[in-house]
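Survey of secondary and tertiary structure
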Amino acid sequence: MLYKSFVDSFSDYIIDRNEDKCILCRICERQCSYEAHGFDKKNSVMTKQDHKCICCRRCEAMCPTGAISIRENPSQFKRNSNWTASHRKNIYKQAETGGILLVGMGNPTGKQPTYFDRMLLDASQVTNPSIDPLREPMELRTYLGRKPDRLEFEEKDGRVSLKTKLTPQLKLEYPIMFSAMSYGAINYNVHVGMARASQKMGIYYNTGEGGLHKSLYPYGANTIVQVASGRFGVNAEYLNVAGGIEIKIGQGAKPGIGGHLPGEKVNEEVSRTRMIPAGTDALSPAPHHDIYSIEDLRQLIYALKEATDYKNPVSVKIAAVHNSAAIASGIVRAGADILTLDGYRGGTGAAPLVTRNNVGIPIELALASVDQRLRDEGIRNHVSIVVGGGIRSSADVVKAIALGADAVYIGTATLVSVGCTLCRMCFTGKCPWGIATNDQSLSKRINPDIAEEKLSNLIRGWGLEIKEIIGGMGLNALESMRGSRHRLRGVGLSESELDILGIAPAGK
Ligand code: SF4
Ligand code: SF4
Ligand code: SF4
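Residues numbered from 1 in each chain as written. Chains lettered and ligands numbered in written order. Predicted model: local features only at pLDDT ≥ 70, side-chain atom pairs only at ≥ 80, totals over all residues. Heavy atoms only, no water.

**As for the site of ligand 2**
- In the neighbourhood of ligand 2, the contacting residues comprise Ile 15, Cys 32, Ala 36, His 37, Cys 53, Ile 54, Cys 56, Arg 57, Arg 58, Cys 59 and Ile 70.
- Residue classes in the shell around ligand 2 are distributed as eight nonpolar, one polar and two charged. (Near = heavy atom within 4 Å. Nonpolar A, V, L, I, M, F, W, Y, C, P; charged D, E, K, R; others polar.)

**Considering the nonpolar core**
- Of all hydrophobic cores here, the largest spans 114 residues; its most connected members are Val 387, Ile 410 and Ile 435.
- The residues that make up this core include at least three from each of domain 1 (7–99) and domain 2 (142–146 + 168–505).
- Contact partners of Ile 435, with chain neighbours within four places excluded, come to Ala 185, Ile 186, Asn 187, Val 190, Leu 415, Val 418, Gly 419, Cys 420 and Ile 446.
- Judged by nonpolar contacts, the second largest core, of 10 residues, contains Leu 170, Ile 224, Ile 338 and Tyr 409. (Core = buried A, V, L, I, M, F, W, Y, C linked by side-chain atoms within 4.5 Å. Buried < 20%, exposed > 50% of the residue type's maximum accessible area, 1.4 Å probe, protein only. Domains from an automatic or database assignment. Contact = heavy atoms within 4.5 Å.)

**Thoughts on the domain arrangement of the protein**
- Per the domain assignment, the segments making up the protein are domain 1 (7–99) and domain 2 (142–146 + 168–505).
- Listed as interface residues are 12 residues of domain 1 and, on the opposing side, 11 residues of domain 2.
- Both faces combined, the contact of domain 1 with domain 2 buries some 960 Å², and carbon together with sulfur accounts for 58% of it.
- Three residues, Ser 33, Tyr 34 and Arg 58, lead the burial of domain 1 against domain 2; their summed loss comes to 52% of the area buried on that side.
- Connecting domain 1 to domain 2 are zero salt bridges. (Buried area = accessible area lost by both parts, 1.4 Å probe. Salt bridge = Lys/Arg side-chain N within 4 Å of Asp/Glu carboxyl O.)

**Focus on the sheet that holds strand 23 (residues 504–505)**
- Spatially, three strands are ordered 6-22-23 in an open sheet, and the strand pairing comes out mixed. At either end of the open sheet lies a strand with only one pairing partner, and these are strand 6 (119–121) and strand 23.
- Bridge analysis of strand 6 against strand 22 (residues 488–490) gives three bridges, and the strand direction is antiparallel. Within strand 22, the position partnered with Leu 120 by the bridge is Arg 489. (Pairing = 2+ DSSP bridges. Helix = DSSP H or I, 4+ residues; strand = E, 2+ residues; numbered from the N terminus.)

**Considerations on unusual backbone geometry**
- The phi dihedral of Arg 57 falls on the positive side, at around 70°, and the residue is not glycine.
- Arg 57 sits in the partly exposed class, given a relative accessible area of 44%.
- Of note in the backbone geometry, Val 126 takes a positive phi value of approximately 65° without being a glycine.
- On the secondary structure map, Val 126 appears in the loop between strand 6 and strand 7 (142–144).
- Of the residues examined, Val 126 reaches a relative accessible area of 83% and is grouped as exposed.

**Overview of a nonpolar patch on the surface**
- A contiguous nonpolar surface patch, about 490 Å² in accessible area, is contributed by Leu 151, Phe 153, Val 160, Leu 162 and Leu 166.
- Along the polypeptide, Leu 162 turns up in strand 9 (residues 159–162).
- On the basis of relative accessibility, which here comes to 37%, the residue Leu 162 falls in the partly exposed class. (Patch = residues over 30% accessible without salt bridge, like charges linked within 9 Å, V, L, I, M, F, W, Y side chains within 5 Å. Areas by Shrake-Rupley, 256 points an atom, 1.4 Å probe, with all protein chains shown as cover.)

**Considerations on the environment of Leu 24**
- Mapped onto the secondary structure, Leu 24 falls in the loop between strand 1 (13–17) and helix 1 (27–31).
- Sequence separation between Leu 24 and Ala 319 is 295 residues; the distance between their C-alpha atoms is 49 Å.

**Observations concerning the site of ligand 1**
- Taken together, 14 residues are adjacent to ligand 1, and Cys 22, Cys 25, Arg 26, Cys 28 and Cys 63 come closest.
- Among the residues forming the shell around ligand 1, the class breakdown is 11 nonpolar, one polar and two charged.

**Some remarks on helix 14 (residues 448–472)**
- The terminal C-alpha atoms of helix 14 lie 36 Å apart, and with 25 residues this matches the ideal 36 Å at 1.5 Å per residue to within 8%.
- Those residues of helix 14 that sit buried are Pro 448, Ala 451, Glu 452, Leu 455, Ser 456, Leu 458, Ile 459, Trp 462, Gly 463, Ile 466, Ile 470 and Gly 471.
- Summarising the contacts, the buried residues of helix 14 are in contact with strand 11 (176–180), helix 4 (188–201), helix 11 (394–403), strand 21 (407–410) and helix 12 (412–417).
- Where helix 14 begins, one side-chain oxygen reaches toward the backbone nitrogen of Asp 449, 2.8 Å away; that side chain belongs to Asn 447.
- Just beyond helix 14, the residue with positive phi is Gly 474, at close to 80°. (Expected span 1.5 Å × (residues − 1). Polar contact = N/O pair within 3.5 Å; in protein donor to acceptor, adjacent residues only side chain to side chain.)

**Some points on the pattern of salt bridges**
- One pass over the full model with this rule turns up 29 salt bridges.
- In this structure, Arg 141 and Glu 173 form a salt bridge, with 3.2 Å as the shortest nitrogen-oxygen distance. With Arg 141 in the loop between strand 6 and strand 7 and Glu 173 in the loop between strand 10 (170–172) and strand 11, the pair connects residues that are 32 residues apart, well separated along the chain.
- For Arg 141, a relative accessible area of 33% gives the class partly exposed.
- Linking Glu 377 and Arg 333 is a salt bridge whose minimum nitrogen-to-oxygen distance equals 2.6 Å. In this pair, Glu 377 sits in the loop between helix 10 (363–376) and strand 20 (384–388) while Arg 333 sits in helix 8 (residues 324–333), placing the two residues 44 residues apart along the sequence.
- Its relative accessible area of 48% is what places Arg 333 among the partly exposed residues.

**Details of the side chain of Ser 417**
- By the secondary structure assignment, Ser 417 is in helix 12.
- Residue classification places Ser 417 among the buried residues on the basis of a relative accessible area of 16%.
- Residue contacts for Ser 417: discarding those within four places in its chain leaves Lys 454, Leu 455 and Leu 458.

**Some remarks on helix 7 (residues 294–307)**
- With 14 residues, helix 7 extends 20 Å from end C-alpha to end C-alpha; this agrees with the ideal 20 Å at 1.5 Å per step.
- Each element contacted by the buried residues of helix 7 is listed here: strand 13 (223–227), helix 5 (236–241), strand 14 (244–248), strand 17 (314–319) and helix 8.
- Positive phi appears at Asp 309, one or two residues downstream of helix 7, with a value of about 55°.

In C-alpha cells, the structure reads:
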C-alpha cells in the first residue's frame, strides 16, 4: 500500500490503561494477538495502538491488576441515517484492498427481527396442572430419523413383538447438538472438548466439512460426519466410524456459496485430516458438482446409506432461504432421514459480509413453513427436523420445538461457552481466545478438559431449564411439545408473520 490506511485512522475502540494500577508485567502485550499493546523500553512504559483493537477483551480478562478497560470510541462520523458509519468504513476498506470484505460469526446488525424474542410461551394455570421437574420424572430423550407411518406387531408363542422394521435413529438425551464447525476453522482442542462432552451427555457433535481427526474415532458413536461439496476428509472409514452422516448443501450464514479455509489455517494435521496439501486454501465449491436435481441428491443419499450398510441415518442440511418448504419436501422424498435447516443468523468462520448480512431468512419463519408443508403433504414423520442459526438459550430451544423442530444445533453458543467473546474476527486465524485458530501459541489457550466440562455444563443447564419450562406447561415429555404452536403467542407481529409462524397474537 502506497499510503497510510485511511480505515486505521478511525479506531472503533479505545484501550484505557490505568497507569496507577499497571505493574508493567506486559501480560497484555503477550495476550493480544492483534499487537495492540506494546512496551517502550527506553521510557519503561506500556504503549497502545487503539486502531488495532478488535474488542476481544482478552487483555482485560488477563490483566492481573484490572488496569485495562476497553470501550467503544465515542468519536462519531457525522450522523447520516442512510450512509451509516459501517457503510462508509466498508467502502474505505474496499477502496484500499479491492477485495471482498470477509467477516466471522453471525450477522450482528439486528436489523431484522429475532422472532424468538417476539414469541412467548404458555403455562398451566388451574386446569391441566403443571408438573414439578424436581419431584416427577421428565423426558427429554429425542430420536432423530425417519419414523414409520404405522407400527405392526406380531404374536409368537404368546409373546408380542414389533414387526415393523425401524430405520436407524440418533438417540439424544438432550434435544441439543453441537453444530458443524470444521477442524481447521476451529482447532483440535475445541473438537476434543465437543467430542467428549457429546459422549458424556449422550448427544452429538458435527465435524463440519473438515474431516475427522483419527484420534477422535473413539467418539464416533456421538459424531455426525459431514459430506460437503469439497469432500474434504471423506472416505469409507470416516463414514462408518460415525453415528450419522450429513450432506451439507447450504449454510445459514452464507447460503449459495462454498466454504473457504485460508491456507494459513491449513497446518500439517489439518491437511492430513482434510486430505489436502498443507498451506493451501481449502475451497469447497458452491454446488456439489454431482447434484443438480432432487434425483441426484437421492443418489448421493443412497450411496452414503449403501456405504454404511444402512446403519447410519443421513441428514441433508440446507440454508433457510425463500423457498425452503418446497426444497425440504423434495429432500424428504429423496430419502433423507433428517433435515437440517440453518437460519440467517447462523455463525461462520468466514463469509463475505455482503452475503452474511443480506442473504437467507430467519430460522423461525423457515422452520414454521417447512414443518407446515411437510404436515400438509403427510410426510412430516418421514424426517426429523433439526434447526440451527440463532439458538441462544433454552427458551429458544423450546420455542423452536414448539414451532416444529425435533432438536437444535448450537454453534455460536458452543463457542461462547468455551470463552468466545464474539469479536467476529474468526477469519483472521488470530482468535485471541484460542478457538478459531490453529496457531499453536493461541490454540493452547483452550484446555480440552475445561472445554468438555463447560460444554457439558451448558447442555445440563439448558436441559434443566427446558424441564422447568415444559413442566410449567403441564408436559412431562419434550416430544409432546413438538409442533405445539398453540402454546406460543406472538407479540408485535404482523398478520402475515403470525400466519407463517402459525401462531395467535398474545391476548387471544
Ligand atoms: S497486563 Fe495490566 S498490569 Fe500488566 S502491563 Fe498490561 S495493563 Fe499493566
Ligand atoms: S484486541 Fe483484544 S487483547 Fe488486544 S487490546 Fe483489544 S481487547 Fe485487548
Ligand atoms: S471464535 Fe475467536 S475469533 Fe471468532 S468470534 Fe469468537 S473469540 Fe472472536
